[in-house]
Amino acid sequence: MPDREQAGSAEIHYGQGLVHGVKAIDKLCMRGQAAGDIELCVAEQQLISVDTVRDLENLHADGILGLSPRGSEHFLSKLKASQKIQKKVLSFSLEAGLMTIGGYDAARFSRDQNTQVEWFPIHSN
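These notes cover the structure that comes with them. (Residues numbered from 1 in each chain as written. Predicted model: local features only at pLDDT ≥ 70, side-chain atom pairs only at ≥ 80, totals over all residues. Heavy atoms only, no water.)

1. A look at the overall build of the chain
Line of reasoning, step 1. The helix and strand tally for the chain stands at 1 helix and 5 strands.
Line of reasoning, step 2. In sequence order, the secondary structure elements of the chain are arranged as β-β-β-α-β-β.
Line of reasoning, step 3. For the chain, the proportion of its 125 residues judged to be buried stands at 24%.
Line of reasoning, step 4. Put simply, the chain shows about 9,700 Å² of open surface, and 47% of that area lies on carbon and sulfur atoms. (Helix = DSSP H or I, 4+ residues; strand = E, 2+ residues; numbered from the N terminus. Buried < 20%, exposed > 50% of the residue type's maximum accessible area, 1.4 Å probe, protein only. Areas by Shrake-Rupley, 256 points an atom, 1.4 Å probe, with all protein chains shown as cover.)

2. Thoughts on the nonpolar core
Line of reasoning, step 1. In terms of nonpolar packing, the biggest core is built from 7 residues, these being Leu40, Val42, Phe75, Leu76, Leu79, Ile85 and Ile101.
Line of reasoning, step 2. The element contributing the most residues to this core is helix H1 (residues 75-81), with 3 residues. (Core = buried A, V, L, I, M, F, W, Y, C linked by side-chain atoms within 4.5 Å.)

3. Overview of the pairing of strand E4 (residues 90-93)
Strand residues, when the strand is regular, have side chains that alternate between the two faces of the sheet.
Line of reasoning, step 1. Only one face of E4 is covered, namely the one carrying Ser91 and Ser93; the face carrying Leu90 and Phe92 has none of its residues buried.
Line of reasoning, step 2. Here E4 folds back onto strand E5 (residues 98-101) in antiparallel fashion, the turn holding 4 residues, of which Gly97 has a positive phi close to 70 degrees. (Pairing = 2+ DSSP bridges.)

4. Considering the state of the cysteines
Line of reasoning, step 1. Taken as a whole and assessed by the stated rule, the structure comprises 1 disulfide.
Line of reasoning, step 2. Here Cys29 pairs with Cys41 through a disulfide, and the sulfurs are 2.0 Å apart. As the torsion about the S-S bond is roughly 115 degrees, the Cys29-Cys41 disulfide counts as right-handed. Remark: Cys41 occurs in strand E3 (residues 38-54) and Cys29 occurs in strand E2 (residues 17-32); sequence separation between them is 12 residues.
Line of reasoning, step 3. When its relative accessible area of 10% is taken as the criterion, Cys41 is described as buried. (Disulfide = S-S within 2.5 Å.)

5. With respect to a nonpolar patch on the surface
Line of reasoning, step 1. A surface patch of nonpolar side chains, amounting to about 360 Å² of accessible area, comprises Phe92, Leu94 and Met99.
Line of reasoning, step 2. Among the structural elements, Met99 can be located in strand E5. (Patch = residues over 30% accessible without salt bridge, like charges linked within 9 Å, V, L, I, M, F, W, Y side chains within 5 Å. Salt bridge = Lys/Arg side-chain N within 4 Å of Asp/Glu carboxyl O.)

6. Observations concerning unusual backbone geometry
Most peptide bonds take the trans form, and the phi angle of most residues other than glycine is negative.
Line of reasoning, step 1. Despite not being glycine, Asp55 has its phi angle at roughly 60 degrees, a positive value.
Line of reasoning, step 2. Backbone geometry at Gln83 places phi at a positive 60 degrees, although glycine is not the residue there.
Line of reasoning, step 3. Tracing the backbone shows Gln83 in the loop between H1 and E4.
Line of reasoning, step 4. Since its relative accessible area comes to 72%, Gln83 is described here as exposed.

7. Notes on the environment of Gly32
Line of reasoning, step 1. In this structure, Gly32 sits in strand E2.
Line of reasoning, step 2. For Gly32, a relative accessible area of 27% gives the class partly exposed.
Line of reasoning, step 3. In this structure, the C-alpha to C-alpha distance between Gly32 and Leu98, residues 66 residues apart in sequence, is 9.5 Å.

8. Brief notes about the pairing of E5
Line of reasoning, step 1. Summarising the sheet, E4 and E5 pair through 4 bridges and their orientation is antiparallel. Within E5, the residue paired with Ser91 across the bridge is Thr100.

Take a look at the structure:
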């Protein structure tokens, strides 16, 4: 349960589906074991406490990861501002099933000379 709710509800469309819920503020933490049991926390992160999920039944995932609701400062910006990470970078190793916050693990790159890392911007809206 979030620490406190904000005024209003929110709805996010994802492909053909959507999630709906109440805007809230809570402490958000992500814990990693690969780098020595590190925990990264933001004390007051805006989020959506979801109460309805529609048309996502065929999504082969445990959930949707968003960096923050529209109009709020995103998780990576807050981590960088608090000097918990050096760069606003989020990387994934699909082969290993790993997510790295604040950088990337160069050892996870493909050894194929024709393969390049793909970079995507973090949008603020």
